[in-house]
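# Breakdown of the fold
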Amino acid sequence: MGRILAIDYGKKRTGIAVTDELQIIASGLTTVDTSELLIFLQEYVSKENVELFVVGKPKKLDNSASDIEADIQTFLQKLTGEFTEIPVKRMDERFTSKLAFQTMIDSGLNKKQRQNKSLIDKVSATIILQSYLYNK
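This text gives an overview of the structure that appears in the document. (Residues numbered from 1 in each chain as written. Predicted model: local features only at pLDDT ≥ 70, side-chain atom pairs only at ≥ 80, totals over all residues. Heavy atoms only, no water.)

## Quick notes on helix H5 (residues 117–135)
The end-to-end C-alpha distance of H5, which contains 19 residues, comes to 27 Å, matching closely the 27 Å that a straight helix rising 1.5 Å per residue would cover. Buried residues of H5: Ile120, Asp121, Val123, Ser124, Ala125, Thr126, Ile127, Ile128, Leu129, Tyr132 and Leu133, and no others. (Helix = DSSP H or I, 4+ residues; strand = E, 2+ residues; numbered from the N terminus. Expected span 1.5 Å × (residues − 1). Buried < 20%, exposed > 50% of the residue type's maximum accessible area, 1.4 Å probe, protein only.)

Written out as structure tokens, the structure reads:
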């Protein structure tokens, strides 16, 4: 059994989370510059057995696609072209940034720590992955 890797795609930064090899626990892995995302994924997949990519699907409250969806579609074409053997699933990511921020408050992080956008992206990716695990 391989890991599941979740991607919270952003224009500047992308949060990444992974499961353990038994696909039980979702953990934040890192945040990378989006311009370096495919390079990071190539290196990670060369070292770890990744069975599935879960990519966040941002939607507006009226269920229409978010403005960044066009960028995500371009990324998905590159991702599926590069990793032809690894399937991709999408997961609704509405409110993950708000949930991530609340999680950071609940875990006792101070205001300065909560302003770390990279941490928010990584926690958001973890929430996307945990949601996928819960619903699969």
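## Details of the sheet that holds strand E1 (residues 3–8)
A sheet is described by the order of its strands in space; here five strands give the open sequence E3-E2-E1-E4-E5, paired in mixed fashion. Two strands lie at the open edges of the sheet, namely strand E3 (26–33) and strand E5 (88–92), each paired on one side alone. Mean inter-strand twist for the sheet, computed between neighbouring axes without regard to direction, equals 25°. Sitting on the sheet, helix H2 (residues 69–82) is in contact with E1, strand E4 (50–57) and E5, with an inclination near 155° to E5. Against the sheet, H5 contacts E1, strand E2 (13–19), E3, E4 and E5, and its axis sits at roughly 40° relative to E2. (Pairing = 2+ DSSP bridges. Axes fitted to C-alpha atoms, helices over the stretch in contact; angles between N-to-C directions. Contact = heavy atoms within 4.5 Å.)

## Considerations on a nonpolar patch on the surface
A cluster of nonpolar side chains, namely Leu22, Ile24 and Ile25, defines an oily patch on the protein surface of about 330 Å² accessible area. Classification of Leu22 by relative accessible area gives exposed; the value is 59%. (Patch = residues over 30% accessible without salt bridge, like charges linked within 9 Å, V, L, I, M, F, W, Y side chains within 5 Å. Areas by Shrake-Rupley, 256 points an atom, 1.4 Å probe, with all protein chains shown as cover. Salt bridge = Lys/Arg side-chain N within 4 Å of Asp/Glu carboxyl O.)

## Remarks on the pairing of E2
Here E2 lies mainly inside the structure; six of its seven residues are buried. By the bridge criterion, four bridges tie E1 to E2 in an arrangement that is antiparallel. Bridged to Ile7 within E2 is Ile16. What sits between E1 and E2 in their antiparallel hairpin is a turn of four residues. As defined by bridge partners, E2 adjoins E3 across seven bridges and the pair is classed as antiparallel.

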